[in-house]
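As a plain string of letters, each chain reads:
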Amino acid sequence: SIASVVEQVEKLAETGVKEIVLTGVNLGDFGLQGPGRERREDFTQLVRALDNVAGIRRFRISSCEPNLLTDDILATVAASTRFMPHFHIPLQSGSDKVLGLMRRRYKRALYASRVARIKELMPHACIGVDVIVGFPGETDEDFLDTYNFLNELPISYLHVFPYSERPDTLAPTLPGRVQDRKRHERTTQLRSLSEKKKRFFYEQHLGLETNVLFEDDVTDGRVEGFTPNYIRVAAKYDPLLVGELKFLRLSAVNALGLMEAEEMGIMA
């Protein structure tokens, strides 16, 4: 319920937590309760309620399927100062044929419309995409459809997974098994596309002055944090940075694909 989630968030705020990610299965179906799956509350109401909880500086919405990511949700996030312009939307395939084989509840036209709506409301939004390659029945032409569809979309990064058989599921019984070698090749191609998409997204934001929330993630004397729209920023490690918001100017993309930044001061 909204009340129980708000209660948990309020307790976390008291401990000094600055960012919370809302996770779950089919987040957009939040509020369907009871054996009859009755609509008692909805995800938009939850977002509005959390937006009024004192103490939390940032909220993120984790994976939400395109058919459940409504205009109301997008408009509410766009109007919020604490819900971040960052969305992770499963696609799984850019081929309508393969989406049908997967029994997905959407087609690629709907997916494209959701991406377009996000960019209309929040031009700087980061959009991540889940993709599965090598699903039974996926031909070379189907994969090319997926590649071209993703290449043309204004998305920011991909999470790419080669299909793997699972026991007691229907998919392994479908005709058209894709060879492991082809699954690997397709995975490599899409991961390469992801790197290109991410770098382009980062380079679009060079010179932007924004706040970065640093995390307890230290590698080779560098600490990392994120902008509101999920650009990963690296800085020289300072224990005082961990868990803090700093106002920085994004200055360069380094050899590791991370954003470098120049200090602008401490956020209030």
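The model shown is predicted, which means the values in this text are computed figures rather than measured ones.

A. Structural context of the packing of aromatic side chains. Per the stated rule, a full pass over the model turns up 6 aromatic pairs. With 6.5 Å between their ring centres and 55° between their planes, Phe-143 and Tyr-147 make a pair best called tilted. Here Phe-143 and its partner Tyr-147 are both found in helix H6 (residues 140–152), 4 residues apart, which amounts to about one turn of the helix.

B. Representation of the packing of helix H2 (residues 43–50) against helix H3 (residues 71–79) within the structure. Viewed as axis vectors pointing N to C, H2 and H3 meet at an angle of 10°, and their least axial separation amounts to 9 Å. Taken together, H2 and H3 sit at an angle that is classed as roughly parallel. H2 and H3 meet at a crossing whose hand is left-handed. Here Phe-43, Thr-44, Val-47 and Arg-48 of H2 come into contact with H3, specifically with Asp-72, Ile-73 and Thr-76.

C. Main features of H2. For H2, every residue scored as buried is listed here: Phe-43, Thr-44, Leu-46, Val-47 and Leu-50. The arc that holds every buried residue of H2, seen down its axis, measures 160°, which confines them to one face. Check the buried side of H2 and you find it contacts helix H1 (2–14), strand S1 (19–22), strand S4 (58–61) and H3.

D. Here's a closer look at the nonpolar core. Grouped together as the largest cluster of nonpolar side chains are 46 residues, with contacts concentrated most on Phe-43, Leu-50, Ile-118, Leu-150, Leu-158 and Leu-190. With 5 residues, H1 is the single largest residue contributor to this core. Setting aside residues no more than four positions away along its own chain, Leu-190 makes contact with Val-131, Val-133, Phe-143, Thr-146, Tyr-147, Leu-150, Leu-158 and Val-160. The next biggest cluster of nonpolar side chains, apart from the first, holds 15 residues, and it includes Val-212, Leu-241, Leu-248 and Leu-250.

E. Structural context of the pattern of salt bridges. All chains considered together, the criterion is met by 28 salt bridges. Here Arg-186 and Glu-138 are joined by a salt bridge, their closest N and O atoms 2.7 Å apart. Linking Arg-186 in helix H7 (residues 180–203) with Glu-138 in the loop between strand S6 (126–133) and H6, this pair joins segments that are 48 residues apart in sequence. A residue is classified by how much of its surface remains accessible, and Arg-186, at 4% relative accessible area, is buried. Assessed through its relative accessible area of 4%, Glu-138 is described here as buried. Taking the shortest distance from any N to any O, the salt bridge between Lys-182 and Asp-140 comes out at 2.9 Å. With Lys-182 in helix H7 and Asp-140 in helix H6, this residue pair connects regions lying 42 residues apart in the sequence. With relative accessibility at 25%, the residue Lys-182 sits in the partly exposed group. Within this structure, Asp-29, Glu-65, Arg-104 and Arg-105 form a network of salt bridges that share partners.

F. Focus on unusual backbone geometry. One non-glycine residue with positive phi stands out, namely Arg-103, at about 65°. For Arg-103, a relative accessible area of 65% gives the class exposed.

G. Quick look at the packing of H6 against H7. For the pair H6 and H7, interaxial distance at closest approach is 11 Å and the crossing angle is 10°. Relative to H7, the element H6 lies roughly parallel. Listed contacts from H7 to Asp-140, Phe-143, Thr-146, Tyr-147, Leu-150, Asn-151 and Glu-152 of H6 are Lys-182, Arg-186, Gln-189, Leu-190, Leu-193 and Lys-197. Residues that form the contact of H6 with H7 fall into these classes: 5 nonpolar, 3 polar and 5 charged.

H. Highlighting the pairing of S4. Burial along S4 is two-sided: Arg-58 and Arg-60 facing one way and Phe-59 and Ile-61 facing the other are all buried. The sheet contact formed by S1 and S4 spans 4 bridges and is parallel. Paired with Leu-22 across the two strands is Ile-61, which belongs to S4.

I. Examining the side chain of Thr-44 more closely. Position of Thr-44 among the secondary structure elements: in helix H2. For Thr-44, the residues in contact, after removing those within four places along its chain, are Thr-70, Asp-72, Ile-73 and Thr-76.

J. Layout of the sheet that holds strand S5 (residues 86–92). On the basis of which strands lie adjacent, the open sheet formed by 3 strands has the order S5-S6-S7 and parallel pairing. Either end of the sheet is taken by a strand with one partner, and the two such strands are S5 and strand S7 (157–162). Neighbour to neighbour, the strand axes of the sheet diverge by 20° on average, direction disregarded. Pairing of S5 with S6, which is carried by 6 bridges, proceeds in the parallel orientation. Across the sheet, the residue bridging to Gln-92 is Val-131, located in S6.

Criteria and thresholds
- Residues numbered from 1 in each chain as written.
- Predicted model: local features only at pLDDT ≥ 70, side-chain atom pairs only at ≥ 80, totals over all residues.
- Heavy atoms only, no water.
- Phe/Tyr/Trp six-rings, centres within 6.5 Å; stacked < 30°, edge-to-face > 60°.
- Helix = DSSP H or I, 4+ residues; strand = E, 2+ residues; numbered from the N terminus.
- Axes fitted to C-alpha atoms, helices over the stretch in contact; angles between N-to-C directions.
- Parallel < 35°, antiparallel > 145°, perpendicular 65-115°, else oblique.
- Left-handed = near helix turned anticlockwise from the far one by under 90°.
- Contact = heavy atoms within 4.5 Å.
- Buried < 20%, exposed > 50% of the residue type's maximum accessible area, 1.4 Å probe, protein only.
- Arc of directions from axis to C-beta.
- Core = buried A, V, L, I, M, F, W, Y, C linked by side-chain atoms within 4.5 Å.
- Salt bridge = Lys/Arg side-chain N within 4 Å of Asp/Glu carboxyl O.
- Nonpolar A, V, L, I, M, F, W, Y, C, P; charged D, E, K, R; others polar.
- Pairing = 2+ DSSP bridges.

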